[in-house]
Amino acid sequence: MELYLDNGCDCIIGFGGGSSMDCAKAVGARIAKPKQSLAKMKGILKVHKKLPLLMAVPTTAGTGSETTLAAVITDAQTRHKYAINDFPLIPRYAVLDPKVTLSLPPFITATTGMDALTHAVEAYIGNSTTYGTRKDALLAVKLIFENIDTAYEDGSNVEARRNMLHASFYAGCAFTKSYVGYIHAIAHSLGGEYNVPHGLANAVILPMLLEAYGTKIHKKLSRLAVAAGIAEDETPCEEAAGRFIQAIKDMKKRFGIGDHIPEIQETDIPKLAHYADKEANPLYPVPVLMDASELEKFYHLLMEEPSEISEILETPTVSDGESKSENEGNVVEKGETEHDRAGN
Ligand SMILES: [Fe+2]
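Read on for an overview of the structure. (Residues numbered from 1 in each chain as written. Predicted model: local features only at pLDDT ≥ 70, side-chain atom pairs only at ≥ 80, totals over all residues. Heavy atoms only, no water.)

Considerations on the sheet that holds strand β1 (residues 11–16)
Ordered in space as β1-β3-β6, the 3 strands form an open sheet in which the pairing is parallel. Only two strands of the sheet have a single neighbouring strand rather than two, namely β1 and β6 (93–94). Where β1 and strand β3 (residues 53–58) come together, 6 bridges link them in parallel fashion. Residue pairing in the sheet places Ile12 in a bridge with Leu54 of β3. Each of β1 and β3 touches helix α2 (residues 18–32); the most contacted strand, β1, lies at about 160 degrees to it. (Pairing = 2+ DSSP bridges. Helix = DSSP H or I, 4+ residues; strand = E, 2+ residues; numbered from the N terminus. Contact = heavy atoms within 4.5 Å. Axes fitted to C-alpha atoms, helices over the stretch in contact; angles between N-to-C directions.)

Encoded structure:
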């Protein structure tokens, strides 16, 4: 910001991954509103003022920040990671040049690519989609399934890199209108507290949450499975949904991504779940609503060794005086009123 003001600049170029582009957005927001801190712009529609000309050049294919209205900020003091969402933050120009992504190492190619996949999936399964966002999400999923392995194995493949950049862009278009969900809310809490890379956190959490949402999202997952090329229109819904979740698990395995976040400290879990709950509710139109105590279970799962996961999932939970023994007992079905609450 000082550099911009001292040199009489008239344009900001965000060049890099999500953090770099979001930093450029944040600088723009502070130039537009010099008297307001970033913390005060947290949430939605708090910027509400035109930024200097903003251009974005992504060097990873994942964040989609080059087309979204979000800038994710970490408060260095509290380790709280929060999002500023407003339309003036959408860059005026996005430059999608695969050449600047060619040197991205395989593991970061994989995790950032799975961030884009998470954007497309969360935007698609949420309760606030449009024809346009569904179309963008399906296209992103198709491009990711067709190209992520090639980009991972042969980073110099320009065509695969270009397709991944396009996938990331379309997934960004989808979630900037239809939002994300609990996977991102939990990932942000882990990124803020422990600096867990965003794409990695999403990749670890993605299949776990899709399973926890249960049958409520099977129909939508089946359509994503068709877009991914792993099911036909005629494939029974439940089977196609299962294949989609399994394909994500297989993808993780191929990329060496595990099922745990070893940094999680048990004593931090209530705070992390509180952050995730506050981020998601009421902003994200999640398919199944959960409260902070229900979200805590996922942090415990992320801490546990694989042999203990099934034990936790089978443990009955007590809610409102009623014992629930099924896995879905951990979540509260979201009723019409709550849908209306989140539908925007
Ligand atoms: Fe993301």
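Re the environment of Thr59
Mapped onto the elements, Thr59 comes out in the loop between β3 and β4 (70–74). The exposure class of Thr59 is buried, given its relative accessible area of 15%. For Thr59 and Asp97, which are 38 residues apart along the polypeptide, the C-alpha to C-alpha distance reads 8.2 Å. The residues touching Thr59, leaving out its near neighbours within four places in the chain, are Phe15, Gly16, Gly17, Val100, Thr101 and Leu104. (Buried < 20%, exposed > 50% of the residue type's maximum accessible area, 1.4 Å probe, protein only.)

A closer look at the sheet that holds strand β2 (residues 43–44)
What the 3 strands build is an open sheet, ordered β2-β5-β4; its pairing is mixed. Whereas interior strands pair on both sides, the edge strands pair on one side only; in this sheet they are β2 and β4. Alignment of β4 against strand β5 (residues 81–85), held across 5 bridges, turns out to be antiparallel. Across the sheet, Ile73 pairs through a bridge with Tyr82, a residue of β5.

Brief notes about the coordination of the iron ion
Expected angles at a metal are 109.5 degrees for tetrahedral coordination by four donors and either 90 or 180 degrees for octahedral coordination by six donors. At the metal site, the iron ion is ligated by Asp115 (OD), His119 (NE2), His184 (NE2) and His198 (NE2), and these contacts range over 2.1 to 2.2 Å. Note that the iron ion binds 4 donor atoms; their angles at the metal cover 86 to 172 degrees, and the shape is irregular. A relative accessible area of 2% means that His184 is categorised as buried. (Donors = N, O, S within 2.8 Å, 3.2 Å for Na, K, Ca; no water. Tetrahedral: all angles 85-135°; square planar, octahedral: opposite > 155°, others 65-115°.)

A few points about the pairing of β3
Pairing geometry for β3 and β6, over 2 bridges, is parallel. Residue pairing across strands places Met55 opposite Tyr93, the latter belonging to β6.

A look at helix α7 (residues 198–213)
If you check α7, its first and last C-alpha atoms are 21 Å apart, about what 16 residues at 1.5 Å a residue would give, namely 22 Å. Along its length, α7 shows its largest kink, about 35 degrees, at Ile205, and proline Pro207 lies within four residues downstream of that point. Burial analysis of α7 places 13 of its 16 residues in the buried class, the great majority of the element. Looking one or two residues beyond α7, the residue adopting positive phi is Gly214, at roughly 70 degrees. (Expected span 1.5 Å × (residues − 1). Bend = angle between axes of the 7 residues up to and from the residue.)

Describing the packing of α7 against helix α11 (residues 292–303)
One way to put it is that α7 packs onto α11 with a least axis distance of 11 Å and a crossing angle of 130 degrees. Relative to α11, α7 is oriented oblique. Pair α7 / α11 crosses with right-handed handedness. For the pair α7 and α11, contact is made by Val204, Ile205, Met208, Leu209 and Ala212 and by Phe298, Leu301 and Leu302, respectively. (Parallel < 35°, antiparallel > 145°, perpendicular 65-115°, else oblique. Left-handed = near helix turned anticlockwise from the far one by under 90°.)

Concerning the nonpolar core
The biggest cluster of nonpolar side chains holds 79 residues, and the ones touching the most others in it are Ile186, Leu190, Ile205, Leu209, Leu210 and Phe244. Ranked by the residues each element gives to this core, the list is headed by α7, at 10 residues. Excluding anything up to four places from it in sequence, Leu210 contacts Val121, Ile125, Ile217, Leu221, Phe244, Ile245 and Ile248. If you look at the next biggest cluster of nonpolar residues, it comprises 16 residues, including Tyr4, Ala32, Ile73 and Leu89. (Core = buried A, V, L, I, M, F, W, Y, C linked by side-chain atoms within 4.5 Å.)

Some details on the packing of aromatic side chains
Going through the model one piece at a time under the given rule, you end up with 4 aromatic pairs. Between Tyr179 and Tyr284, the ring centres sit 6.0 Å apart and the planes meet at 40 degrees, which makes this aromatic pair tilted. Separated by 105 residues along the polypeptide, Tyr179 in the loop between α5 (158–178) and α6 (182–194) and Tyr284 in the loop between α10 (269–280) and α11 bring together distant segments of the chain. Judged by relative accessible area, Tyr284 falls into the buried class, the value being 4%. For Arg254, the ring lying beneath its charged end belongs to Phe255, and the centroid distance is 5.9 Å. (Phe/Tyr/Trp six-rings, centres within 6.5 Å; stacked < 30°, edge-to-face > 60°. Lys NZ or Arg CZ within 6 Å of the ring centre and 35° of its normal.)

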